Amino acid sequence: MAAAGRRRAARVWPLAAPGVALVSLVSLPFVWLSLLSFVADGSLSLANYARMVENPSYQTIVLKTLQLSAVVTIVVIAVGYPTAYFIHTRSRITATVLLACVAIPFWTSLLVRTYAWMVILQRNGIVNGWLQDIGLIERPLRLSNSFLGTSIGMIHIMLPFFIFPLYSAMKQIDMDLVRAARSLGASRTKAFWQVFVPLSGPGLFAGSLLTFVLCLGFYVTPQLLGGGNVTVISMKIQENITNYSDWGAASALGVVLLVVVAGLLLGVKKLGARLEAQ
Amino acid sequence: MAAIVTISNLVKRYGNFTALNDVSLTVGAGEFLTLLGPSGSGKTTLLMSLAGFADPDSGSIKIGDREITGIEPNKRNIGMVFQSYALFPHMTVGQNVAYPLKLRGMGRADREEHTRRVLSAVQMPGYEHRRIDQLSGGQRQRIAVARAIVFEPDIILMDEPLSALDKKLREELQIELKQLHRRLGSTIIYVTHDQKEALTLSDRIAVMNHGTIAQIARPQEMYERPASAFVADFIGYSLLLPMACGEPCSIDAAALGPLRDDPRAVLVVRPEKLDIVADQDRQPRHFYFTAQVQDIAYQGDIIMVYARLRSGENIVVRRDSRFATSQAIPAVGAPMRLALHQSDTSLVIDDRPRPGPQGS
């Protein structure tokens, strides 16, 4: 009996390997890195967090990150919702082609797309050249190396993340509901706003949240398109490690970012549950 | 407020497919008219043209004196019950029912009063604050009807509103719909592919096939006097037998109508209209058939007797399972004599496509 049990254990144990790898290679380093934020000058302290409160530059960075994410999310909703709706109302073949058009940039490397935007938006790039040609502006606009350029690049990158979940939510909507609203006396506009939009709510919500949360952690695009004029949390983390080798400060920023995202998700979940209960 | 609906020469094509081929039809004020037909016969297209969700290529639809083709669906004042019920899941029962009233700018107190009244009319009083996902299928159906009638539309359209329910509930709701129609007195145009439902509910039935109306008649006339082989076959079960299969006994030829001399004419024979009689039986105004019993299927309330005529045609006799009638059924393999009263049959032209290699 005991021997059989041991043999079975010998067969079963290897199945734990992925779990062990996950814990030892991901969870433990994560916990260790997080704990580093509570260490300063070789002893336990909250100095890393205190600095964030005391030093106004940190607050500017956190606010800038939230501002950038909010602007990008709002524009993505404003552009993405009509796009998803347009695709939704097309025939199956047209919809497939249009979805592929959304998906192709999605599959292209983020770095490649960011560099492409740098070329397009630079001082003597395509956009500035064209605007000058038609005489709309005299001097080139500061499109790259700015908040505007960073937003444009991030909006382009985030759009598929928003459109796909929203489109699949729209596909779930029974179009008889819109027809029912029409037959009951609703104009096209009213049927859209009072029936279609509320029913697409869950998809709109999921897409917006995904966009906002992903924006909070963006690094490459603000770094390259911001040209040093846009500093977000992830860039400060990188700076703390490569320039100052201050792992504690970097870790504290990471923990703050994590807490913000976790708090946001939790708040949204609570809000969703309350709306559901009504 | 019941209105007359006049449909004239309606045509609707989808590419090469003609969904409605010159359909003309008048529905009387307060009439319950059912559009019945197989899928692809055009009944749903006709309903969608009435509701404004399909745009006919030509023809006209009038409600009363008002031409409605080309008018937006929300301006037609038509109540519609969808097959899926299409109740708004983000609104309560009360909000669903009050929605058309709100769109018409009715005040809150009036809306609540109307909602309360219509909910009791569909036997769902006090359900205002329920959520749609808390309702059973039958309850949803009632709410869908309530929402379609609450704003007193000129006509009410129903697109297979009972098809998602089980048989027992469906039969209950059929009776409820019929009573509701009698109370409201509104014009109802109803689509179904269930011929029994059509017979139960309707004042008149329009059987559709290939985008045209094959026959329009009262239920009893439709069943007893089908105008074509298609209708005879579609409404109820029927056998089409050449007259030569039977031996007529003092048939009143005039009563058989103009088709009596047409060589393509066949008798419509319903299984429940056949009687098993003694060998020497010879009553006037009857057709007689001699057949051999092939099989007997006992189904509880009824017994189906499958037999073959001497001419080789198959025939089915339906008997009830009472002792006296079931005793009269011969054993398998035995001969039997069948009688059919001339008023229980009619003549139609057999225009059904023939199966076989030479068929198109």
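What you see is a predicted model; the values in this text were computed from it and never measured. (Residues numbered from 1 in each chain as written. Chains lettered and ligands numbered in written order. Predicted model: local features only at pLDDT ≥ 70, side-chain atom pairs only at ≥ 80, totals over all residues.)

A. Structural context of the overall build of chain A. Helix and strand counts for chain A come out as 14 helices and two strands. In summary, chain A has a C-alpha radius of gyration of 24 Å against a globular reference of 19 Å for 278 residues, an excess of more than 25%. In terms of principal-axis extent, the alpha carbons of chain A reach across some 70 × 65 × 35 Å. A burial count over chain A gives 28% of its 278 residues as buried. (Helix = DSSP H or I, 4+ residues; strand = E, 2+ residues; numbered from the N terminus. Rg over C-alpha atoms; globule rule 2.2 N^0.38 Å. Buried ≥ 20, exposed ≤ 12 C-beta atoms within 10 Å, placed from the backbone.)

B. Representation of the overall build of chain B. A tally of helices and strands in chain B yields nine helices and 19 strands. The C-alpha extent of chain B, read off along each of the three principal axes, is 80 × 45 × 40 Å. Split into buried and exposed, the 360 residues of chain B put 37% on the buried side. Within chain B, residue pairs in contact and separated by at least 24 positions form 69% of the contacts whose partners lie at least 6 positions apart. (Contact = placed C-beta atoms within 7 Å.)

C. Region of interest: the sheet that holds strand E2 (residues 17–27) of chain B. All names here are of chain B. The strand order across the open sheet built from four strands is E2-E1-E4-E5, with neighbouring strands paired in antiparallel fashion. Each edge of the open sheet carries a strand with a single partner, namely E2 and strand E5 (66–67). The sheet contact formed by strand E1 (residues 5–14) and E2 spans seven bridges and is antiparallel. Bridge pairing in E2 links Leu 10 to Val 23. Packing against the sheet, helix H1 (residues 43–51) makes contact with E1, E2 and strand E4 (58–63), and its axis sits at approximately 65° to E2. (Pairing = 2+ DSSP bridges. Axes fitted to C-alpha atoms, helices over the stretch in contact; angles between N-to-C directions.)

D. Highlighting the packing of helix H6 (residues 110–121) of chain A against helix H8 (residues 147–171) of chain A. Residue and element names in this part refer to chain A. For the pair H6 and H8, interaxial distance at closest approach is 10 Å and the crossing angle is 140°. Classified by the angle their axes make, H6 and H8 are oblique. Considering only the axes of H6 and H8, their crossing is right-handed. Contacts between H6 and H8 involve Leu 110, Arg 113, Thr 114, Trp 117 and Leu 121 from the first element and Gly 149, Ile 152, Gly 153, His 156 and Ile 157 from the second. A per-class count over the contact of H6 with H8 returns five nonpolar, four polar and one charged. (Parallel < 35°, antiparallel > 145°, perpendicular 65-115°, else oblique. Left-handed = near helix turned anticlockwise from the far one by under 90°. Nonpolar A, V, L, I, M, F, W, Y, C, P; charged D, E, K, R; others polar.)

E. Quick peek at the packing of H8 of chain A against helix H11 (residues 201–216) of chain A. Residue and element names in this part refer to chain A. Between H8 and H11, whose axes approach to 8 Å, the crossing angle comes to 155°. In terms of their interaxial angle, H8 and H11 are classed as roughly antiparallel. In the crossing of H8 with H11, the sense of the turn from one axis to the other is right-handed. Residues Met 154, Met 158, Phe 161, Phe 162, Pro 165, Leu 166, Ser 168, Ala 169 and Met 170 of H8 form the contact with H11, whose own contacting residues are Pro 202, Gly 203, Leu 204, Ala 206, Gly 207, Ser 208, Leu 210, Thr 211, Leu 214 and Cys 215. Along the lines of polarity and charge, the residues of the contact of H8 with H11 split into 14 nonpolar, five polar and no charged.

F. Focus on unusual backbone geometry. Residue and element names in this part refer to chain B. Of note, the phi angle at Asp 22 is positive, near 60°, even though the residue is not glycine. Mapped onto the secondary structure, Asp 22 falls in strand E2. Judged by local crowding, Asp 22 falls into the partly exposed class, with 14 C-beta atoms found within 10 Å. Backbone geometry at Glu 152 places phi at a positive 50°, although glycine is not the residue there. One can find Glu 152 in the loop between helix H4 (137–149) and strand E7 (155–159). The class of Glu 152 is partly exposed, set by 13 C-beta atoms lying within 10 Å.

G. Molecular detail of the interface of chain B and chain A. If you look at the interface, chain B gives 16 residues, while chain A gives 15 residues. Of all the secondary structure elements, the ones that give two or more residues to the side of chain B that touches chain A are strand E6 (78–81) and helix H2 (93–103) of chain B.

H. Local environment of the pairing of strand E18 (residues 335–341) of chain B. All names here are of chain B. The pairing of strand E14 (residues 275–277) with E18 spans three bridges and is antiparallel. Among the inter-strand pairings, Val 277 is bridged to a residue of E18, identified as Arg 337. Here strand E15 (residues 286–298) runs beside E18; their pairing, made up of seven bridges, is antiparallel. In the sheet register, Thr 290 faces E18, and the bridge partner there is Arg 337.

I. Examining the nonpolar core more closely. In this structure, Leu 47, Ala 146, Leu 157 and Ile 189 of chain B are the most contacted members of the largest nonpolar core, which totals 96 residues. For this core, the element with the most residues is H4 of chain B, which contributes six residues. In this structure, Ile 189 of chain B is in contact with Val 27, Leu 33, Leu 35, Leu 47, Leu 50, Ile 155 and Leu 157 of chain B, ignoring residues within four places of it in sequence. Met 154, Leu 159, Tyr 167 and Val 230 of chain A belong to the second-largest nonpolar core, a separate cluster that totals 36 residues. (Core = buried A, V, L, I, M, F, W, Y, C linked by C-beta atoms within 7 Å.)

J. Here's a closer look at the environment of Asp 246 of chain A. Mapped onto the elements of the fold, Asp 246 of chain A is located in the loop between helix H13 (233–242) and helix H14 (247–277). When the C-alpha atoms of Asp 246 of chain A and Asn 145 of chain A are compared, they prove to be 27 Å apart, with 101 residues separating the residues in sequence.

K. Local environment of the sheet that holds strand E3 (residues 32–36) of chain B. All names here are of chain B. Taken together, six strands build an open sheet; the order of strands is E6-E7-E8-E3-E9-E10 and the sheet is mixed. Unpaired on one side and paired on the other, E6 and strand E10 (212–217) mark the two borders of the sheet. Averaged over neighbouring strand pairs, the angle between their axes works out to 20° when direction is ignored. Inspection of the sheet shows E7 paired to strand E8 (residues 187–192) by five bridges, in the parallel sense. Opposite Met 158, over in E8, you have Tyr 190 as the bridge partner.

L. Broad picture of H8 of chain A. The end-to-end C-alpha distance of H8 of chain A is 35 Å, a good match for the 36 Å that 25 residues give at a rise of 1.5 Å each. Met 158 of chain A marks the point of greatest bend in H8 of chain A, at about 35°, and the proline Pro 160 of chain A comes within the next four residues. (Expected span 1.5 Å × (residues − 1). Bend = angle between axes of the 7 residues up to and from the residue.)

M. Structural detail: the confidence of the model for chain B. All names here are of chain B. Overall, the prediction assigns chain B a mean pLDDT of 89, with 98% of residues at 70 or greater. Within the model, pLDDT remains below 50 along residues 356–360, and this stretch shows two contacts once partners closer than five positions in the same chain are excluded. Across the predicted assembly, pTM comes out at 0.80 and ipTM at 0.83. (pLDDT = per-residue confidence, 0-100.)

N. Structural view of the pairing of strand E9 (residues 204–209) of chain B. Residue and element names in this part refer to chain B. Two strands pair when backbone bridges link them, and E3 and E9 are joined in this way by four bridges, in the parallel orientation. Paired with Leu 33 across the bridge in E9 is Arg 204. Note: E9 against E10, five bridges, orientation antiparallel. In the strand pairing of E10, Ile 205 is matched with Ala 217.

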